[in-house]
Amino acid sequence: KKKKKTTLYHNVTGRENPSLFKTFQPLGVLSYLTSLPLALGHAVVHRTLPKREASYLETNQPLKREMVQVLASKGISKLYSHQAKAIDAVRNGKHVMVSTATSSGKSLVYHIPTIEAILYHDEEHAVNSKAAGPISLYLFPTKALAQDQLRSIKEFIGAGWFGDAVRPFCLDSDTSKEEREEAKAQGNIFLTNPDMLHATLLPRHAQWKRVLKHLKFVILDEAHVYSGVFGSHVSLVLRRLLRLCSSYSNQHVQFICASATLSNAESFAKQLIPLIYPHHDSVEVIAEDGSPSGRRTFALWNVTPQTGISKELELLPSISSTSKQPRVIQPSKTKHSTDDNGELCPKTAHLSQSPSTFTTATTAT
């Protein structure tokens, strides 16, 4: 019989050690790494977050029977506390920002209110026609995310409890002309991205009159992506969207935002969402996570040793000691640098290739 080979681990010292752990133990691995010679001089900080139990809560008004049946088919019998609070806030007509951990069930926060609104809209939209009823607009940063969510929502409504009441469509550059015409006439959930909204739907708003007139919810998933210049652009597109909705006598659009990586959720949402309606002038932030979580350990490793000075830093005193006054090195602003005879100077020729707008200064230390 052949002998089983023992799994070996190698480190920089060249020593071979048999398998240290039969099961993966993060704290044990961390302790072992910090005992190696390569850890000398590197600052290692680790923090362990304790296990968190699930926190459940019921909504103020119970979910409809069809929704309960669909959730039960997915193995969901209770809602986490942040889900219930967010659904209640949406039902009360508030803009909502949900900022909880990844995989905490944020999609239910907007699936449940949007589908409920479609199934049980009030008398203002109670017309027995596929062209009537509240409409939801799901915005995702990329086409791929929109397509993934389209598959997700089709699986969610696939149990058959909603019949054909919920009709989702994805609008992107790959959507055929026939599908777009069908979406214009019958769709009540549209999944797209901000660029498509800006370049296609809004410029042709007359063709999308039904959507703008009955738009009730705008979903901004992965909201943290809408920061900086891109976020400013998206914010202005949303303001244009509401302005066009107002032109079609619709001033009741609610925003539901979701993100897992925002530390300033409230201020961020207030800048991103157009708070132009007197009855929608605030944002309800749900940041207390009710989903369960196992114990997690974070370790931070400083790749630069704290002891010793690099060779580049050691050269700085000798360079600066040659001159008591600050020395300024500034590339020539002219197209070419020439000598007295009008010939291109070899030493400065490389500077003429890309004129610089910056000045580098070296000062004495």
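This report concerns the structure included in the present document. Just so you know, these numbers come straight off a predicted model, no measurement behind them.

Take the overall build of the protein next. Across its full length, the protein holds 11 helices and 13 strands. Going through the 365 residues of the protein one by one, you find that 37% of them count as buried. Of the contacts made within the protein by residues no fewer than 6 positions apart, 73% connect residues no fewer than 24 positions apart. Just so you have it, the protein exposes about 22,300 Å², and 53% of that area is on carbon and sulfur atoms.

This part covers the packing of aromatic side chains. In the structure shown here, the tally under the stated rule is five aromatic pairs. Aromatic side chains Tyr138 and Phe140 sit 6.4 Å apart centroid to centroid with 45° between the ring planes, which places their arrangement in the tilted category. Of the two residues, Tyr138 and Phe140, both sit in the buried class. Here Phe190 and Trp208 contribute two aromatic rings whose centre-to-centre distance is 6.1 Å and whose plane-to-plane angle is 85°, an arrangement assigned as edge-to-face. Of this pair, Phe190 sits in strand 7 (residues 189-192) while Trp208 sits in the loop between helix 7 (194-201) and helix 8 (209-214); the two residues are 18 residues apart in sequence, bridging distant segments of the chain. We classify Phe190 as buried; its relative accessible area is 1%. Through pairs of rings, three or more aromatic residues link up here, namely Tyr110, Tyr138 and Phe140. Looking at Lys78, its charged tip hangs above the ring of Tyr56, at a distance of 4.1 Å from the centre.

Turning our attention to a nonpolar patch on the surface. On the surface, a cluster of nonpolar side chains totalling about 350 Å² of accessible area is made up of Leu33, Leu38, Trp301 and Val303. By the secondary structure assignment, Trp301 is in strand 11 (residues 296-301).

Following the sequence through the fold, His82 ends up in helix 3 (residues 81-91). Other than its neighbours up to four places away in sequence, His82 contacts Val98, Thr100, Ser104, Ile286, Glu288, Asp289, Gly290 and Ser291.

About the criteria used
- Position numbers for residues count from 1 along each chain, tracking the sequence in the order it is written.
- Per-residue local features are limited, in this predicted model, to residues with pLDDT of at least 70; the limit for side-chain atom pairs, both in listing and counting, is 80 or more; totals at the level of whole chains, interfaces and linings are taken over all residues.
- Only hydrogens and water are removed before side-chain values are computed, so all heavy atoms of the structure are retained for them.
- The way it works is that DSSP assigns letters per residue, a run of H or I at least four long becomes a helix, a run of E at least two long becomes a strand, and they are numbered from the N terminus.
- Partly exposed residues are those whose accessible area sits between 20% and 50% of the maximum for their type, while under 20% is buried and over 50% is exposed, using a 1.4 Å probe and protein chains only.
- Contacts were defined at the residue level, with two residues in contact if any of their heavy atoms lie within 4.5 Å.
- For accessible areas, the Shrake-Rupley method is used with a probe of radius 1.4 Å. Any residue's cover is judged against the shown protein chains and nothing else.
- Side-chain rings of Phe, Tyr and Trp (the six-membered ring for Trp) are treated as a pair once their centres are within 6.5 Å; stacked means planes under 30 degrees apart, edge-to-face means over 60, and tilted covers the remaining angles.
- Placement of a positive charge over a ring is assigned whenever Lys NZ or Arg CZ falls within 6 Å of the ring centre and within 35 degrees of the normal to the ring plane.
- Any residue with relative accessible area above 30% and no salt bridge may belong to a patch, with like charges joined within 9 Å and the nonpolar Val, Leu, Ile, Met, Phe, Trp and Tyr side chains within 5 Å.
- When a carboxyl oxygen of Asp or Glu lies within 4 Å of a side-chain nitrogen of Lys or Arg, that pair is called a salt bridge.

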